[in-house]
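# A structural walkthrough
Next come the chains, spelled out residue by residue.
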Amino acid sequence: MNKVIGHTNSLCPKCLRTIPATKIAEDDKVYLIKECPEHGTEKVLIWKGVEDYLDMKRYASVPVRPAKVAVKETGNCPNICGLCPDHIQNTCLVVMEITNGCNLKCPLCFASANERYRFNPSLEVIRGMYQTILDYVEHPICVQISGGEPTIRDDLPDIIRMGKEMGIDHIELNTNGVRLADDIEFLKNVKKAGVDTLYFSFDGLQGEIYKQTCGRDLLDKKLKCIENCEKVGMGITLVCVVSPNINLDRVGEIIDFAKSKVPTVKGVHFQPLAYFGRFPITPKDSDRVTIPDLLREIEEQTKGELRVDNFIPTSCANIHCDAKSMSVVMEDGSLFPLTSRALGPPKDTSTIANKTRKEIADLWRFVEDSLIIDEEDDKSNEWGDFVDRAKTNYLTVSTMAFQDAWTSETERFANCCIHTVTPDGKLIPFCLFNINSQDGKTLYRHEMWAKFSEK
Ligand code: SF4
Ligand code: SF4
Ligand code: SF4
Ligand SMILES: [Zn+2]
């Protein structure tokens, strides 16, 4: 028995044409069903747990139109990015790519690094991208410098300094950590230039995992990079690509490891593998990790220290895009979660994007009002000790389920708060920018590369 629970538009994974899609509930799972007039029907798993899927609706934010948009056309999402007047969320994080080169060639790469074009924008082009961000995004402004691998550019400290001097409030550096492991002086320069935190890819604690995700055993490099960050005082978010065929059974030990590295490690971000960029297969449902799959594994593998119930949508992105928990790491190493679905959605969803930007800018610093403070407890020393501890010894565990052509929904694109900036003055939802068809055609990435790459 199946039941229709919603309608949206999606993309055909073969030709990227925008096509209508129906959401159906079947065997306690949610599927997208869509039909391309040329390439036929697709049925794709998007969520496990129908009640849970529908329950997320209570976290939906009030639609906010960006104060300024670069495109005038309307009514043709996702083909007219961006942003256009139909977009219903502000930007809380801007991804700025400064190269498509990389010192690795991972078999799985969201950004299709080292392929087709040589994209190495000059400092003047980068200045222009910062200016676009300053023109369109409200403060505090958070930028993630990304690639490819940004550390292959020797002028990275200049790029970071330029951003800070122009008025970017928070800069995080997306990196595989290889150069930062080998060259602590470069790490120091990057920190001195103004990087606030690393967004550091870390897929697990076995060399074997890296052979599958990165093509070679990188465990020693990963551990060395963390050691160097401890030495220079650089905060890190560990970013772990999760696949059911590679490391879904290891998420508990990754959280355990992260706890042991607090306060250098501020968070673990689990990134279910999405099939865009470079990927070797046409995905089946069994190749997917949905958000509920991941959260159940976390609950089981941490033996209930973090429960599904501790993860809430940020309400900044679409409610089916992400989930986040925040915990204090106690003296005995256990986690004391501060977030719970039982507390209900945040009271004022219209300020969520502002709050999220501020939170990123504060390095996910402990948000005092996420705690329920009892007046009596407030006066006790025990409470004071706890709050002091929480300010430095905290760990966020979060996830975002990027969309690929198979799972895409225009209602999620239109509600996106994480945007890639392009040299021609546009902000495009991150996964929309990266999406490609089965045979490699993109809606936005290749067009941008073709226009701005060295010939
Ligand atoms: S994703 Fe947003 S900006 Fe892009 S076309 Fe859709 S509504 Fe417009
Ligand atoms: S996944 Fe990251 S490290 Fe690997 S090739 Fe792509 S950009 Fe480089
Ligand atoms: S980047 Fe993709 S998954 Fe993340 S908020 Fe935007 S649309 Fe959702
Ligand atoms: Zn098609």
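Not measured: the values here are computed from a predicted model. (Residues numbered from 1 in each chain as written. Chains lettered and ligands numbered in written order. Predicted model: local features only at pLDDT ≥ 70, side-chain atom pairs only at ≥ 80, totals over all residues. Heavy atoms only, no water.)

What follows is about the environment of tyrosine 394. Residue placement: tyrosine 394 occurs in strand S13 (residues 394–400). Take tyrosine 394: its relative accessible area is 3%, and that puts it in the buried class. In this structure the C-alpha to C-alpha distance between tyrosine 394 and asparagine 90, which are 304 residues apart in sequence, comes to 27 Å. (Helix = DSSP H or I, 4+ residues; strand = E, 2+ residues; numbered from the N terminus. Buried < 20%, exposed > 50% of the residue type's maximum accessible area, 1.4 Å probe, protein only.)

Let us look at the coordination of the zinc ion (ligand 4). Protein ligation of the zinc ion (ligand 4) involves Cys12 (SG), Cys15 (SG), Cys36 (SG) and His39 (ND1), the donor distances falling in the range 2.2 to 2.3 Å. Relative to the metal, the four donor atoms surrounding the zinc ion (ligand 4) lie at angles of 104 to 114 degrees, and the coordination shape comes out tetrahedral. Sequence spacing of the donor residues for the zinc ion (ligand 4), all on one chain, is C-x2-C-x20-C-x2-H. Taken as a pair, cysteine 15 in the loop between strand S1 (2–11) and strand S2 (18–26) and histidine 39 in the loop between strand S3 (29–36) and strand S4 (40–48) lie far apart in primary sequence, 24 residues in all. Using a relative accessible area of 16% as the deciding quantity, one classes cysteine 15 as buried. (Donors = N, O, S within 2.8 Å, 3.2 Å for Na, K, Ca; no water. Tetrahedral: all angles 85-135°; square planar, octahedral: opposite > 155°, others 65-115°.)

On the surface, Glu331, Asp332, Glu382, Asp385 and Asp388 cluster together into a negatively charged patch. Tracing the chain through its elements places glutamate 331 in the loop between strand S11 (322–329) and strand S12 (335–337). (Patch = residues over 30% accessible without salt bridge, like charges linked within 9 Å, V, L, I, M, F, W, Y side chains within 5 Å. Areas by Shrake-Rupley, 256 points an atom, 1.4 Å probe, with all protein chains shown as cover. Salt bridge = Lys/Arg side-chain N within 4 Å of Asp/Glu carboxyl O. Lys, Arg positive; Asp, Glu negative; His and termini not counted. Charge placed at Lys NZ, Arg CZ, Asp CG, Glu CD.)

Another point: the sheet that holds strand S7 (residues 170–175). Ordered by their spatial adjacency, eleven strands build an open sheet running S12-S11-S13-S10-S9-S8-S7-S6-S5-S14-S15, and the pairing between neighbours is mixed. Strands at the two margins of the open sheet, each flanked by one partner only, are S12 and strand S15 (427–429). Ignoring which end each strand starts from, the neighbouring axes of this sheet average 25 degrees apart. One ladder, built from three bridges, connects strand S5 (residues 93–97) with strand S14 (residues 418–421); its direction is parallel. Directly across from leucine 93, in S14, lies its bridge partner isoleucine 418. Of the strands in this sheet, S5, strand S6 (142–146), S7, S14 and S15 are in contact with helix H2 (residues 123–136), which crosses S5 at around 165 degrees. Each of strand S8 (197–201) and strand S9 (235–242) is contacted by helix H7 (residues 219–232), which is oriented at about 170 degrees to S8, the strand it contacts most. (Pairing = 2+ DSSP bridges. Axes fitted to C-alpha atoms, helices over the stretch in contact; angles between N-to-C directions. Contact = heavy atoms within 4.5 Å.)

In this section: the environment of cysteine 417. One can find cysteine 417 in the loop between helix H13 (410–413) and S14. Distance from cysteine 417 to alanine 70, taken between C-alpha atoms, is 16 Å for residues 347 residues apart in sequence.

On to empty space enclosed by the protein. Empty pockets left among the atoms are what a rolling probe the size of a water molecule brings to light. In the structure shown here, the tally under the stated rule is seven cavities of 30 Å³ or more. Around the second largest cavity, the lining comprises 18 residues; the ones closest to its centre are Ile46, Val289, Ala401, Phe402 and Thr407. Broken down by element, the lining of the second largest cavity gets its largest block of residues, three residues, from S4. Partitioned by chemical class, the residues of the lining of the second largest cavity number eleven nonpolar, three polar and four charged. (1 Å grid on protein atoms, 1.4 Å probe; cavity = no way out; pocket = protein on both sides within 12 Å on 5 of 7 lines; lining within 4 Å. Points joined across faces, edges and corners; volume = space filled by probe spheres on them. Nonpolar A, V, L, I, M, F, W, Y, C, P; charged D, E, K, R; others polar.)

Per-residue confidence for the protein gives a mean pLDDT of 89; residues scoring 70 or more make up 92%. In this model residues 360–375 is a low-confidence stretch, pLDDT under 50, and it forms 43 contacts with partners more than four residues away in sequence or in other chains. (pLDDT = per-residue confidence, 0-100.)

For the rest of this paragraph, the subject is the nonpolar core. Within the largest apolar cluster, 83 residues are counted, with the highest numbers of intra-cluster contacts made by Met96, Ile145, Phe270 and Ile298. Contacts of isoleucine 298, omitting those with residues within four sequence positions, involve Val251, Ile255, Phe270, Leu306, Phe311 and Val397. If you look at the next biggest cluster of nonpolar residues, it comprises 39 residues, including Leu16, Val44, Leu273 and Leu443. (Core = buried A, V, L, I, M, F, W, Y, C linked by side-chain atoms within 4.5 Å.)

Before going further, it helps to examine the side chain of lysine 222. Along the chain, lysine 222 turns up in helix H7. The side chain of lysine 222 is buried and forms no salt bridge, while aspartate 203, the nearest opposite charge, is found at 6.2 Å. A polar contact of 2.9 Å, which involves the side chain of lysine 222, links it to the backbone oxygen of asparagine 176. Not counting residues within four places of it along the chain, the set of residues in contact with lysine 222 comprises Asn176, Phe200, Ser201, Phe202 and Tyr210. (Polar contact = N/O pair within 3.5 Å; in protein donor to acceptor, adjacent residues only side chain to side chain.)

A few words now on the pattern of salt bridges. Following the criterion strictly, the structure yields 28 salt bridges and no others. A salt bridge links glutamate 42 to lysine 14, with the shortest nitrogen-to-oxygen separation between them at 3.4 Å. One end of the pair, glutamate 42, is in strand S4; the other, lysine 14, is in the loop between S1 and S2, and 28 residues separate them in sequence. Between glutamate 253 and arginine 250 there is a salt bridge whose closest N-O contact spans 3.3 Å. Several salt bridges share partner residues, and in doing so they unite Lys23, Glu409 and Glu411 into one network.

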